[in-house]
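Listed below are the residues making up each chain.
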Amino acid sequence: MSDLRRVVITGVGAVTPIGTAAQGLWEGLESRTSAVRTITRFDPTPFRSRMAAEIPDFRPQDHLDAKRAKRLDRFSQLAVTSARLALADAELVPEREDRDRVGTMMGSALGGVQFAESQVPGFLAEGPRGLDPALALAVFCGAASCNIAIEFGFTGPNATNAMSCASGTIAVGEAFHVVRDGRADVMLAGGAEAPIAPMTFAAFSVIRAMSTRNDDPGTASRPFDASRDGFVMGEGAAVLVLEERSRALARGAKIYAEVVGHAFTNDAYHMTAPRPDGRQAARAIQLALADGAVAPTEVEYINAHGSSTPLNDPTETSAIKQVFGDHAYRLFISGTKGYYGHALGASGAIEAAICALALARGWLPPTLNLERPDPRCDLDCLRGGGKTASPAAVVSNSFGFGGINAALVLRPDSGAR
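All values derive from a computational prediction rather than experimental measurement.

Caption draft 1: Region of the structure containing the overall build of the chain. Counting its regular elements, the chain contains 13 helices and 15 strands. A compact globule built from 417 residues would reach a C-alpha radius of gyration of about 22 Å, and the chain, at 20 Å, matches this within 12%. Its C-alpha atoms put the chain at 65 × 55 × 40 Å along the principal axes. Sorting the 417 residues of the chain into buried and exposed places 63% on the buried side. Carbon together with sulfur atoms contributes 54% to the accessible area of the chain, which is approximately 15400 Å² in total.

Structure (structure tokens):
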């Protein structure tokens with residue numbers, strides 16, 4: 001570890017159902033209020049699930065050049081806006097940077113699928129002439145990182161992964177490795193998702209993955225609760241500025257946290273169900289801890305994937321116990337998707353941002369709607385007002401369809417390691 005460069009988070013940008021920018025996201029967490037509501041973007045009546053966590057007030061023209069905003073679909077608008085907010089928060093001016101040494105890594109499960117859906121009626125009515133020419137360039141997931149690079153002229157390493165609900169975590173983790181290994185000095189990393197469109201929503205509803213607590217949407221996402229019945233779809237984006245530490249210190253940057261470890265594995269078991277024994281989820285956490293030279297007993301907080309699905313939550317609990325043993329019962333754990341739903345590939349990035357903010361501000365958010373814990377989920381999940389704490393190390397978990405498991409390890413910034 002001594003020969004590797006240290007990597008810190010110096011900027012947080014976010015557009016989420018509970019708030020925009022670092023401060024808005026934090027205030028949303030402090031409100032301890034769910035953003036899940038009955039869907040307003042289309043008529044959800046035909047669907048089993050009829051709710052989502054929509055962003056109510058996002059106006060891309062407030063953040064982007066009007067012509068540029070018009071050329072981007074919602075997914076890319078969220079990505080570029082979050083990157084702009086992150087750069088502003090880090091007080092980084094692109095024109096003053098060596099742009100060959102600044103790169104972008106993003107994650108998204110579905111990319112521009114919402115825009116693609118919007119083009120179907122025109123195509124059915126008029127054939128190819130009915131399509132927006134932007135479709136070919138908007139629909140692929142790589143548009144997230146590429147549009148950020150184009151917006152700011154960053155010519156360093158660039159990639160977007162599409163590893164389902166672990167995409168954002170993998171993007172942040174792999175960007176961390178790029179900076180740690182010396183391939184770039186600054187990386188913008190995160191995830192973006194805009195999945196709330198009829199056909200996409202219906203696809204998840206058909207496989208019965210989503211909650212049907214339609215009469216009380218605000219309580220539908222309830223990680224680790226005995227009465228949970230599925231996830232709630234959300235939308236949003238988060239981007240972190242990852243920076244080589246000595247460079248950040250030299251320019252007097254504020255530092256939220258240090259990223260020290262990352263790893264990901266695959267269950268190789270099933271496309272939707274997690275491996276029942278949680279072995280590969282546990283292995284991802286173990287490898288991330290080893291990557292950061294962090295002992296399990298140093299970890300004091302876990303931001304859980306906590307998707308509120310019947311299978312995921314007990315499997316994640318089992319994985320945590322496998323890694324931490326008796327120490328698992330001394331961990332503080334929260335599943336924060338009760339606030340903002342499950343934004344698929346963006347969730348891990350939002351949760352990495354929450355971990356960074358929690359380390360900087362000394363407060364751990366609670367698990368909303370956890371009223372009667374599932375006996376199989378018997379760890380200390382924070383409830384009520386959350387917890388004032390200054391953890392020595394935190395872990396952020398993300399697990400996704402296809403059996404992908406990913407983990408990040410963060411610490412407060414400090415002196416020599």
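Caption draft 2: Looking closely at the layout of surface pockets. By volume, the largest pocket is sized at about 500 Å³. Looking at the largest pocket, it is lined by 31 residues, and the ones nearest its centre are Thr272, Pro274, Thr309, Asn312 and Phe401. Counting only elements with at least two residues in the lining of the largest pocket, the list comes to α11 (312–324), β14 (394–400) and β15 (404–411). Take the lining of the largest pocket: its biggest share by element is 3 residues, from α11.

Caption draft 3: Summary view of the state of the cysteines. Counting across every chain of the model gives 0 disulfides. Cys141 takes part in no disulfide bond, and the closest cysteine sulfur, belonging to Cys146, lies 11 Å away.

Caption draft 4: Just the side chain of Glu193, in detail. Structurally, Glu193 can be placed in strand β7 (residues 186–193). Buried and without a salt bridge, Glu193 has Arg74 as its closest oppositely charged side chain, separated by 11 Å. Separated by 2.8 Å, the side chain of Glu193 and the backbone nitrogen of Ala109 make a polar contact. One polar contact links the side chain of Glu193 to the main-chain amide nitrogen of Leu110, over a distance of 2.9 Å. Setting aside residues up to four positions removed in sequence, Glu193 forms contacts with Phe75, Leu78, Ser108, Ala109, Leu110, Gly111, Glu235, Gly236, Ala343, Leu344, Gly345 and Ala346.

Caption draft 5: Spatial organisation of helix α10 (residues 279–291). Over its 13 residues, α10 runs 18 Å from end to end, which matches the ideal 18 Å to within 8%, given 1.5 Å per residue. Residues of α10 that are buried sit in contact with α7 (167–180), β9 (257–266), α11, β14 and β15. Within two residues after α10, Ala293 carries a phi angle of roughly 50 degrees, on the positive side.

Caption draft 6: Molecular detail of the environment of Pro366. By the element assignment, Pro366 lies in the loop between β12 (363–364) and β13 (387–388). For Pro366, a relative accessible area of 1% translates into the label buried. Residues Pro366 and Ser334 lie 32 residues apart in sequence; the distance between their C-alpha atoms is 5.6 Å. Apart from residues no more than four positions distant in its own chain, Pro366 is found in contact with Arg32, Ser334, Gly335, Thr336, Tyr339, Leu382, Arg383, Gly384 and Gly386.

Caption draft 7: Quick look at the packing of aromatic side chains. Using the criterion set out here, one finds 7 aromatic pairs in the structure. Plain terms: the ring middles of Phe42 and Phe47 are 5.9 Å apart, the flat faces sit at 85 degrees to each other, and that makes the pair edge-to-face. Like Phe47, Phe42 is buried.

Caption draft 8: Layout of helix α6 (residues 143–152). In terms of burial, α6 is largely enclosed, as 7 of its 10 residues are buried. All buried positions along α6 are accounted for by Ala143, Ala144, Ser145, Asn147, Ile148, Ala149 and Phe152. Each element contacted by the buried residues of α6 is listed here: α2 (66–71), α3 (74–90), β5 (102–107), α5 (135–138), β6 (158–161) and β7. Positive backbone phi, approximately 75 degrees, marks Gly153, located one or two places after α6.

Caption draft 9: Representation of the packing of α3 against α6 in the model. Interaxial distance between α3 and α6 falls to 9 Å at its minimum, and their mutual angle equals 50 degrees. The pairing of α3 with α6 is recorded here as oblique in orientation. The handedness of the crossing between α3 and α6 is right-handed. Packed against α3, whose contacting residues are Phe75, Ser76, Ala79, Val80, Ala83, Arg84 and Leu87, the element α6 presents Ala143, Ala144, Asn147, Ile148, Glu151 and Phe152 at the interface.

Caption draft 10: Molecular detail of the nonpolar core. The biggest cluster of nonpolar side chains holds 48 residues, and the ones touching the most others in it are Ile9, Leu240, Leu242 and Leu410. No other element matches helix α13 (residues 347–361), which puts 10 residues into this core. In this structure, Leu242 is in contact with Val7, Val8, Ile9, Val172, Ala175, Phe176, Val179, Asp185, Val186, Met187, Ala189 and Val259, ignoring residues within four places of it in sequence. Core analysis: the next-biggest nonpolar cluster, separate from the first, contains 30 residues, Leu85, Ala86, Val102 and Met106 among them.

Caption draft 11: Quick look at the environment of Gln77. Topologically, Gln77 is positioned in helix α3. Through-space distance from the C-alpha of Gln77 to that of Pro60 is 6.3 Å; in sequence the pair is 17 residues apart.

Caption draft 12: Structural view of the pattern of salt bridges. If you walk through the whole model with that rule in mind, you get 27 salt bridges. A salt bridge links Asp185 to Arg101; the shortest N-O distance between them is 3.0 Å. Within this pair, whereas Asp185 is found in the loop between α7 and β7, its partner Arg101 is found in the loop between α3 and β5, the two being separated by 84 residues in sequence. Classification of Asp185 as buried rests on a relative accessible area of 17%. Relative accessible area serves as the criterion here: at 25%, Arg101 is assigned to the partly exposed category. Here Asp313 makes a salt bridge to Arg228, at a shortest N to O gap of 3.5 Å. In this pair, Asp313 is assigned in helix α11 and Arg228 in the loop between α8 (198–206) and β8 (236–244), connecting sequence segments 85 residues apart.

Each value, and the rule that gives it
- Residues numbered from 1 in each chain as written.
- Predicted model: local features only at pLDDT ≥ 70, side-chain atom pairs only at ≥ 80, totals over all residues.
- Heavy atoms only, no water.
- Helix = DSSP H or I, 4+ residues; strand = E, 2+ residues; numbered from the N terminus.
- Rg over C-alpha atoms; globule rule 2.2 N^0.38 Å.
- Buried < 20%, exposed > 50% of the residue type's maximum accessible area, 1.4 Å probe, protein only.
- Areas by Shrake-Rupley, 256 points an atom, 1.4 Å probe, with all protein chains shown as cover.
- 1 Å grid on protein atoms, 1.4 Å probe; cavity = no way out; pocket = protein on both sides within 12 Å on 5 of 7 lines; lining within 4 Å.
- Points joined across faces, edges and corners; volume = space filled by probe spheres on them.
- Disulfide = S-S within 2.5 Å.
- Lys, Arg positive; Asp, Glu negative; His and termini not counted.
- Salt bridge = Lys/Arg side-chain N within 4 Å of Asp/Glu carboxyl O.
- Polar contact = N/O pair within 3.5 Å; in protein donor to acceptor, adjacent residues only side chain to side chain.
- Contact = heavy atoms within 4.5 Å.
- Expected span 1.5 Å × (residues − 1).
- Phe/Tyr/Trp six-rings, centres within 6.5 Å; stacked < 30°, edge-to-face > 60°.
- Axes fitted to C-alpha atoms, helices over the stretch in contact; angles between N-to-C directions.
- Parallel < 35°, antiparallel > 145°, perpendicular 65-115°, else oblique.
- Left-handed = near helix turned anticlockwise from the far one by under 90°.
- Core = buried A, V, L, I, M, F, W, Y, C linked by side-chain atoms within 4.5 Å.

These results come straight from atomic positions and should not be treated as a statement about function.
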